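Here is what each chain is made of, one letter per residue.
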Amino acid sequence: MNGPIYSDRSGSTILTIKRKLFIATLILLFIPQLLWASGMSLNVGAKASALGGAFRGLADDWSAAWWNPAGLAYLQKSEANSILSIIIPRQKYEPDVRLSNGSELGYRNDETRFPDDRIFYYPNFSTFYKFQSAGGITAGMAFFLPYGLGSRWDLFNPLAGYIDPLKDTIPYARIDHEASFIVVDFHPSIAKEVVKDKLALGLGLAIQKSDFTWRRPNFIPTILLPITTMYQQPENVNRPYDNIIMDSHMEFDGWGVGINLGVMYQLSPKVKLGGSYRSPVNIKLTGHNRMSVYFPNNSQIVTNDSTAQPYFSGGSAQTSAEVKTTLNLPAELGAGFAYQASDKFTLMADISWTSWSRMKILDLNYSTKAQWVSPAGDTLNYGLNPLGTPADSGIVFNWKDVTRFSVGAEYHFKENWIARAGYYHDPTAIPDQSLNPLVLDFADKNSLNFGLSYKINAYEVGYNIEYISYDNREITQIKDVNGDGLFDNFPGSYSTAQYSSFFYFTYRF
Amino acid sequence: MRKLSLILMLGLSLIIALSGCKKRKNPVEPTILKQPTYFQISQNLWPALDNPPLSNQFSIPSRTVVVSIPGEVPIDNQGHVPLTWKKKYPVLYFLTDFGQDALTFAQTYRVNDIADELTAKGEIQPMIVVIADGNNPMGGGFYVNSIGGRYEDYIALDLRLKMDTSIFTRIVNDSTKKRGISGVGMGGYGAFRVAMDYPQFYSSVSAISAPLSIDAGPNGDWFTDYLRATAVQESLTFSPYPDSNIVPITDPLDKTTPATNWLFAMALGFSPHDPGDTDSSSYFKIENYPQGGPFRGVDLPFDSAGSLRASIWTNWVDSNDVKTLLAGPKAGSLANTKIYFEVGLQDSYMLQIANKNFNNFMATQSYTYIYHEYTGYGSFPADHFNFAFDRIVAILKFHSSNF
């Protein structure tokens, strides 16, 4: 088919479809700003998901832009796609967060806790054109969310006696732990078959926007405060006043750019091999840390030492400091094959390596000096300044590289009907030293996927479901990896599962 | 037909997918019931503290005791409980440390807030906590009956009877099984002494950082290695009689001389000077108490040369050391009493030595007891009482489990 790409449609129909695509594009471009994602790596594309991600050797739909852009060269027609992914994480966490000597900090230990249960909806959208007149080059743009996570928890409350419940009317924030991490990828790609029926190459550009939220309590040692009787004398500080509690709520956003390359090789009429590489992406993040200090309230301590008055009279103080950091997203190298066992049945397998070890420590660079004013109106220049305290000096990841295995199968069981199934095993990237309930990747994962699709003329609709089983995990030792005085992992018992649904619609023209 | 099949299939899948969507709920936050403040029992004259040899100016028989009442009790600010109220509560007596005033202690360490929260969470049963002090111008006399006042009788007789029969009688369970005694430092020592001497009144006893074994043991010798040695380092000086030594009572909480302060408070309780004792080598007089009367004072168990005075030291150990008492004259006195004691491993008064030795001793006995050692974290040591929150929680839980 060498003519105009809409040659088989009447003009009015083309206009209608164009209008719908335009409207859909606008909607889908704006919706993601309102959405949450979950799970650090998200499967891109419904078909690829149904195959457990064993897609590099097949790569025969738009999501090849992410998995293996060389596969775009084999699209038979131009196509427009939209997908709605629905993700339902079901985390459970039983905290056992205590100081190294076993003392309580205020965590709701030995209690099974759930995050605010939510269903995450997010779309993917793409349009790729097959330029038959330009030697069969396929080019286009995809828009998807390759990474995401998010959870909000109520895990903490100050210890009894920290505040005065009869005087302090400001409760500690209910949502005291929160993470949200969304990477939106605007992904122009191009692919061409360079050796007919043998070899195709593809190239993509990943223009990624990230929104990142991180919230947790910080603990500022009281001995840093200029209180005469306590300053640098921990033996004079009574628990629960050993630390002043700060709610640290950081929000960032930023952009980064990377590329991905793909190759597709037809080993035989029945076997295709695919390989791909995604470059690392460094996203420069800029944002603010909104800090709220919750002061203890103990009039007796103030009576004994008037220099404690600004810090031991209850209430809270807020400030916001500008923070910059860089998020180092991983590179990925993967290879796979597709074996067409019969006209109806195809088997696939993939292996991929992801350099999550690039996620080390998110160093937080405060570029403005925060000014604190106590509830009594005192200016607090010392001790609570993020430039001078160990609070929030960095977020420790120290993740490790992982290798994922996937297998999938596709079966044309009836005219126009295709069934797909897939499985993958994906080890967790998070070591014990930095495991926390905020990031869903609690443990090694095993994923089962099933999907169906149905073609009606130029349209294809499909649905698939994914169930991810996570191993249970237990952490017993609390760690402060970077020595900033703030623990970096959350001991306790972790368990979770995840259900996902993918609805997709494709129009080929 | 195909469309119908497709719709049915998608619908079924959606139902399966959404079946896991039910919102889960975290445990409901318990409602914490609270009284608006502590109750106080101010009595002008506690009989056991009245008219001791060192005068009322020293024993202070007009004392205030602080009481924490469970939040669920419908009690008014006068201490009145409706006649319809039938529930009675166990009572924990808590004795404060050297130099600590009861109300200051209660307000500093927020015992009521801690008890109320633990009660709301179901971690302890609701209980009345009575906080009493044995403070005097020397910081205290270790709650024993002595020339400074009969503190032990004050706690075990006067105060107990006041609680059992006076304004709180409608909510106090006066059964021995529902009564415990505890304390910190000097108060922990006092709690053990009271429990040993009046075992018929208390079913459980506990002590935080208390000198429960003062002499030599497998872990060292608390008195010799710490108390005496440190007091000497603190420039404790002796003057020859008749220019008698004077007890430094101007500031019992002077942090530059903690061992000296403890030494004299213990001497007040354990070795008040016998006017008939002609050996004045360890005698310190208490200046101006009583006004105009014969000088009264204490004997330290060692003289200006640092040598132990055998008669005094023997009295300290044989009549006042908890370990020695339990091994001898008070053996079996705590047979029916649940026992808990603990210490911080970085105690400023080196009481880990005393407690480790006491634990060694208890291990050879048939008592049921719990011993716990606190360690610090990071640069935050487990000192005498800076883990106040943790220790109060542990004490409340221990006694609650035994009521």
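Residues numbered from 1 in each chain as written. Chains lettered and ligands numbered in written order. Predicted model: local features only at pLDDT ≥ 70, side-chain atom pairs only at ≥ 80, totals over all residues. Heavy atoms only, no water.

**Digging into the overall build of chain A**
Helix and strand content of chain A: 4 helices and 24 strands. Per-residue burial for chain A yields a buried fraction of 59% across its 509 residues. Here the analysis covers contacts within chain A between residues at least 6 apart in sequence; of these, 74% occur between residues at least 24 apart. Only carbon and sulfur atoms are counted for the fraction: they give 57% of the accessible area of chain A, which is about 19000 Å². (Helix = DSSP H or I, 4+ residues; strand = E, 2+ residues; numbered from the N terminus. Buried < 20%, exposed > 50% of the residue type's maximum accessible area, 1.4 Å probe, protein only. Contact = heavy atoms within 4.5 Å. Areas by Shrake-Rupley, 256 points an atom, 1.4 Å probe, with all protein chains shown as cover.)

**A word on the domain arrangement of chain B**
Residues and elements named next belong to chain B. Segmenting chain B into domains produces domain 1 (39–214 + 322–402) and domain 2 (216–318). One C-alpha centre belongs to domain 1, the other to domain 2; they are set 26 Å apart. Contact residues are listed per partner, giving 39 residues for domain 1 and 33 residues for domain 2. Across the interface of domain 1 and domain 2, roughly 3100 Å² is buried in total on both sides, 71% from carbon and sulfur atoms. When residues of domain 1 are sorted by the area they lose upon contact with domain 2, Met138, Ile214 and Tyr349 head the list and together hold 25% of the total. Here domain 1 is connected to domain 2 by 0 salt bridges. (Domains from an automatic or database assignment. Buried area = accessible area lost by both parts, 1.4 Å probe. Salt bridge = Lys/Arg side-chain N within 4 Å of Asp/Glu carboxyl O.)

**A few points about the environment of arginine 179 of chain B**
Residues and elements named next belong to chain B. Locating arginine 179 in the fold gives a position in strand 7 (residues 179–183). On the basis of relative accessible area, arginine 179 is assigned to the buried category, the value being 2%. As for arginine 179 and serine 206, which are separated by 27 residues in sequence, their C-alpha atoms are 12 Å apart. With sequence-adjacent residues up to four places away left out, arginine 179 is seen in contact with Val91, Tyr93, Arg160, Asp164, Asp174, Phe201, Tyr202, Ser203, Ser204 and Phe403.

**Things to note about the nonpolar core**
Within the largest apolar cluster, 135 residues are counted, with the highest numbers of intra-cluster contacts made by Tyr107, Phe181, Phe212, Phe312 and Trp399 of chain A together with Ile131 and Leu396 of chain B. For this core, the element with the highest residue contribution is helix 12 (residues 388–402) of chain B, accounting for 8 residues. Ignoring sequence-local partners within four residues, the contact set of phenylalanine 181 of chain A consists of Met40, Tyr147, Gly148, Leu149, Ser210, Asp211, Phe212, Leu327 and Leu329 of chain A. If you look at the next biggest cluster of nonpolar residues, it comprises 93 residues, including Tyr93, Met138, Tyr226 and Tyr371 of chain B. (Core = buried A, V, L, I, M, F, W, Y, C linked by side-chain atoms within 4.5 Å.)

**Digging into the packing of aromatic side chains**
The tally for this structure, following the rule as stated, stands at 69 aromatic pairs over all chains. One aromatic cluster is present, built from ring pairs that chain together Phe98, Phe142, Tyr189, Trp222, Phe223, Tyr226, Trp262, Phe270, Phe302, Trp313, Trp316 and Tyr349 of chain B. Sitting over the face of the ring of tryptophan 66 of chain A, arginine 278 of chain A holds its NZ or CZ atom 3.5 Å from the ring centroid. The cationic tip of arginine 228 of chain B hangs over the ring face of phenylalanine 302 of chain B; the distance from NZ or CZ to the ring centre is 5.8 Å. (Phe/Tyr/Trp six-rings, centres within 6.5 Å; stacked < 30°, edge-to-face > 60°. Lys NZ or Arg CZ within 6 Å of the ring centre and 35° of its normal.)

**Thoughts on the environment of aspartate 390 of chain B**
Within the secondary structure, aspartate 390 of chain B is located in helix 12. On the basis of relative accessible area, aspartate 390 of chain B is assigned to the buried category, the value being 10%. Considered as a pair, aspartate 390 of chain B and phenylalanine 361 of chain B are 29 residues apart in the sequence and their alpha carbons are 26 Å apart. If we skip the residues at most four places from it in the chain, aspartate 390 of chain B touches Ser103, Glu104 and Arg239 of chain A together with Tyr374 of chain B.

**Observations concerning the sheet that holds strand 7 of chain B**
Two modes of strand pairing occur in sheets, parallel and antiparallel, and in both the strands are linked by backbone hydrogen bonds. All names here are of chain B. Sheet architecture is open: 8 strands sit in the order 1-2-4-3-7-8-14-15, paired in mixed fashion. Only two strands of the sheet have a single partner each, and these edge strands are strand 1 (39–43) and strand 15 (369–374). Sheet twist, expressed as the average angle between the axes of neighbouring strands with direction ignored, equals 15 degrees. Bridge count between strand 2 (residues 63–68) and strand 4 (residues 128–132): 3 bridges; the pairing is antiparallel. Across the sheet, valine 67 pairs through a bridge with valine 130, a residue of strand 4. The strands that helix 11 (residues 351–363) touches are strand 14 (338–344) and strand 15; relative to strand 14, the one it contacts most, it runs at about 150 degrees. (Pairing = 2+ DSSP bridges. Axes fitted to C-alpha atoms, helices over the stretch in contact; angles between N-to-C directions.)

**Observations concerning the pairing of strand 21 (residues 459–470) of chain A**
Judged from the 12 bridges that link them, strand 20 (residues 445–456) of chain A and strand 21 of chain A form a sheet pairing that is antiparallel. Bridging across to strand 21 of chain A, serine 453 of chain A finds its partner in glycine 462 of chain A.

**As for the pattern of salt bridges**
The full count for this structure, using the stated rule, is 44 salt bridges over all chains. Measuring nitrogen to oxygen at the nearest pair gives 2.5 Å for the salt bridge that ties arginine 113 of chain A to glutamate 111 of chain A. Accessibility expressed as a relative area gives 1% for arginine 113 of chain A, which makes it buried. Overall, the relative accessible area of 27% leaves glutamate 111 of chain A in the partly exposed class. Salt-bridge contacts for arginine 63 of chain B lead to aspartate 133 of chain B; the nearest nitrogen and oxygen are separated by 2.6 Å. With arginine 63 of chain B in strand 2 and aspartate 133 of chain B in the loop between strand 4 and strand 5 (145–146), this residue pair connects regions lying 70 residues apart in the sequence. According to the relative accessible area criterion, aspartate 133 of chain B is buried, its value standing at 6%. Three or more residues are tied together by salt bridges with common partners; here these are Arg108, Glu111, Arg113 and Asp154 of chain A together with Glu29 of chain B.

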